[in-house]
Amino acid sequence: MAQPLAERLRPKSLDDYIGQKHLVGQGAILRKMIDAGRIASFILWGPPGVGKTTLAQIIANKLETPFYTLSAVTSGVKDVRDVIDKAKNNRFFSQASPILFIDEIHRFSKSQQDSLLGAVETGTVTLIGATTENPSFEVIRPLLSRCQLYVLKSLEKDDLLELLRNAITKDAVLKEKQIELKETDAILRYSGGDARKLLNILELVVEAETEVPVVITDEKVVDRLQQNPLAYDKDGELHYDIISAFIKSIRGSDPDGAIYWLARMVEGGEDPAFIARRLVISAAEDVGLANPNALLLANACFDTIMKIGWPEGRIPLAETTIYLATSPKSNSAYEAINEALGIVRETGNLPVPLHLRNAPTKLMKQLGYGKEYKYAHAYAGNFVEQQFLPDGLKDKRIWHPQQNAAEVRLKEHMKTLWKDKFND
């Protein structure tokens with residue numbers, strides 16, 4: 001049976017590796033460690049199809065060290081211990097530690113992750129974990145503290161185009177088809193920055209053509225994918241497309257769409273914690289200050305899921321989904337923190353005004369620390385006007401309330417306190 005195109009094109013060296021220049025480009029941090037021949041344990045966090053597994057294999061080849069791989073979906077504690085025992089037996093003093101690559105490490109239970117700690121700490125193995133989930137939530141703290149974390153990005157348009165050109169010019173099978181990339185918008189759009197998905201779509205379209213040369217057009221891509229809607233997805237289920245549709249349905253205030261996509265995930269066996277986390281994020285990002293109770297309900301849903309699991313967990317998930325979808329929407333807090341981060345990055349570490357500084361010592365008091373600070377509770381209405389931003393930003397507005405009932409009330413309250421400051 002012929003290998004899939006994505007497997008045939010898997011690069012063997014960093015020179016052939018496409019994307020992630022911030023990590024493996026010339027002079028980048030991970031590239032330096034690899035070239036030096038010594039790496040520490042690390043976790044690769046990023047979306048699917050961006051080269052996590054490939055990068056691990058390239059590192060093992062470069063370091064010429066034994067390479068073991070486990071899938072968190074199919075492996076248990078015994079499998080982990082067996083691999084660690086093999087690694088001990090295959091270790092030579094002059095050689096770098098054997099590499100243990102664990103795909104989807106976020107699916108490992110706490111006991112499975114605990115079984116790795118000793119081997120990672122003593123250097124019996126160098127752990128490379130790959131995850132599509134935030135490691136802060138999914139990887140136990142003792143293991144996370146022993147690993148570096150590197151974030152991989154979705155492939156950019158130029159990366160994907162380079163990958164397509166490599167496929168049609170270097171792959172032995174595709175070269176015979178004399179492929180012409182007349183239009184690429186559709187294939188790039190459907191790939192979503194996922195190299196594996198991109199190559200699967202290309203292979204799917206090419207296999208449907210009987211004539212040579214094969215001309216790739218947007219129309220052909222769309223037609224072929226409509227006929228085979230699951231054929232280009234790694235797992236036969238559009239995992240990331242469905243969660244995207246789910247969140248966008250909530251954001252768009254469509255409870256019917258949201259509950260449909262929830263049902264697709266429940267029926268497909270999705271991890272309930274994965275869904276619950278997305279609901280917490282949506283409550284903060286999309287509902288926000290328009291209905292602060294949404295975040296409380298989403299958190300309660302997450303806690304409930306952890307207690308009851310499937311199948312009853314579908315009920316609080318459904319309740320929270322409908323509540324978020326039918327709530328008024330605001331992203332003013334999301335916009336405000338992003339704007340504030342941009343200001344901080346642009347202006348740097350501006351000094352804290354003296355009146356806002358703490359003065360725990362006599363010298364600090366003599367220097368004026370906290371001298372002119374006004375204690376709000378000592379004034380009528382528990383408010384007194386004073387400056388809270390650095391001098392260089394004292395008139396800057398960052399939070400901009402939006403037009404929903406809750407934030408209109410908040411804005412009116414701020415206008416009562418601050419007068420003209422909130423008159424925009």
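Scroll up for the structure.
As a starting point, this report considers the structure included with it. (Residues numbered from 1 in each chain as written. Predicted model: local features only at pLDDT ≥ 70, side-chain atom pairs only at ≥ 80, totals over all residues. Heavy atoms only, no water.)

### Section: the packing of aromatic side chains
Then, number 1: Counted by the stated rule, this structure contains 4 aromatic pairs.
Then, number 2: An angle of 70 degrees between the planes, with centres 5.4 Å apart, marks the rings of F42 and Y150 as edge-to-face. In this pair, F42 sits in strand β1 (residues 42-45) while Y150 sits in strand β5 (residues 148-151), placing the two residues 108 residues apart along the sequence.
Then, number 3: What makes F42 buried here is its relative accessible area of 0%.
Then, number 4: Using a relative accessible area of 5% as the deciding quantity, one classes Y150 as buried.
Then, number 5: A centroid spacing of 5.1 Å and a plane angle of 75 degrees characterise the contact between F383 and W418, whose relative ring orientation is edge-to-face. (Phe/Tyr/Trp six-rings, centres within 6.5 Å; stacked < 30°, edge-to-face > 60°. Helix = DSSP H or I, 4+ residues; strand = E, 2+ residues; numbered from the N terminus. Buried < 20%, exposed > 50% of the residue type's maximum accessible area, 1.4 Å probe, protein only.)

### Things to note about helix α4 (residues 52-63)
Then, number 1: Between its terminal C-alpha atoms α4 stretches 17 Å, which fits the 16 Å expected from 12 residues at 1.5 Å a residue.
Then, number 2: What α4 keeps buried is the set K52, T54, L55, A56, I58, I59, A60 and L63.
Then, number 3: Contact partners of the buried residues in α4: α2 (21-24), α3 (29-36), β1, β2 (67-71), β3 (99-103) and β4 (126-131).
Then, number 4: Looking one or two places after α4, you find E64, whose phi comes out positive at around 55 degrees. (Expected span 1.5 Å × (residues − 1). Contact = heavy atoms within 4.5 Å.)

### A closer look at a nonpolar patch on the surface
Then, number 1: Taken together, the side chains of Y373, Y375 and F388 define a hydrophobic patch exposed on the protein surface, amounting to about 350 Å² of accessible area.
Then, number 2: Here F388 shows up in the loop between α20 (362-366) and α21 (405-418). (Patch = residues over 30% accessible without salt bridge, like charges linked within 9 Å, V, L, I, M, F, W, Y side chains within 5 Å. Areas by Shrake-Rupley, 256 points an atom, 1.4 Å probe, with all protein chains shown as cover. Salt bridge = Lys/Arg side-chain N within 4 Å of Asp/Glu carboxyl O.)

### Here's the deal with the pairing of β1
Then, number 1: Bridging between β1 and β4 involves 4 bridges; their strand directions are parallel. Bridge pairing in β4 places I43 opposite G129.
Then, number 2: Here 4 bridges tie β1 to β5, and the two strands are oriented parallel to one another. Each bridged residue has a counterpart across the sheet, and for W45 the counterpart in β5 is V151. (Pairing = 2+ DSSP bridges.)

### Remarks on a negative patch on the surface
Then, number 1: Where like charges cluster on the molecular surface, the negative patch consists of E183, D185, E219 and D223.
Then, number 2: Along the polypeptide, E219 turns up in helix α13 (residues 218-227).
Then, number 3: For E219, a relative accessible area of 57% gives the class exposed. (Lys, Arg positive; Asp, Glu negative; His and termini not counted. Charge placed at Lys NZ, Arg CZ, Asp CG, Glu CD.)

### A closer look at the sheet that holds β5
Within a sheet, each strand pairs with its neighbour through backbone hydrogen bonds, oriented either parallel or antiparallel.
Then, number 1: Taken together, 5 strands build an open sheet; the order of strands is β2-β3-β4-β1-β5 and the sheet is parallel. The sheet is open, and its two borders are formed by β2 and β5, each paired with just one other strand. When the angles between neighbouring strand axes are averaged without regard to direction, this sheet yields 20 degrees.
Then, number 2: By the bridge criterion, 5 bridges tie β3 to β4 in an arrangement that is parallel. Bridged to I99 within β4 is T126.
Then, number 3: Its contacts with the sheet place helix α5 (residues 77-89) against β2 and β3, and it is angled at close to 180 degrees to β2. (Axes fitted to C-alpha atoms, helices over the stretch in contact; angles between N-to-C directions.)

### Considerations on the side chain of N404
Then, number 1: The topology assignment puts N404 in the loop between α20 and α21.
Then, number 2: Judged by its relative accessible area of 8%, N404 falls in the buried class.
Then, number 3: At 2.6 Å, the side chain of N404 forms a polar contact with the side chain of E407.
Then, number 4: Apart from the residues within four sequence positions on either side, N404 is in contact with L289, A290, K329 and S330. (Polar contact = N/O pair within 3.5 Å; in protein donor to acceptor, adjacent residues only side chain to side chain.)

### Side note on the pattern of salt bridges
Then, number 1: Scanning all chains against the criterion turns up 14 salt bridges.
Then, number 2: The partner of D114 in a salt bridge is K110, and the shortest N-O contact between them spans 2.9 Å. With D114 and K110 both in helix α6 (residues 110-122), this residue pair falls 4 residues apart, about one helical turn.
Then, number 3: Owing to a relative accessible area of 56%, K110 belongs among the exposed residues under this scheme.
Then, number 4: Measuring nitrogen to oxygen at the nearest pair gives 3.7 Å for the salt bridge that ties R278 to E133. One end of the pair, R278, is in helix α16 (residues 272-287); the other, E133, is in the loop between β4 and α7 (135-138), with 145 residues separating them in the sequence. Exposure class is identical for R278 and E133. Each is buried.
Then, number 5: Through salt bridges that share partners, R8, D171 and E203 make up one connected network.

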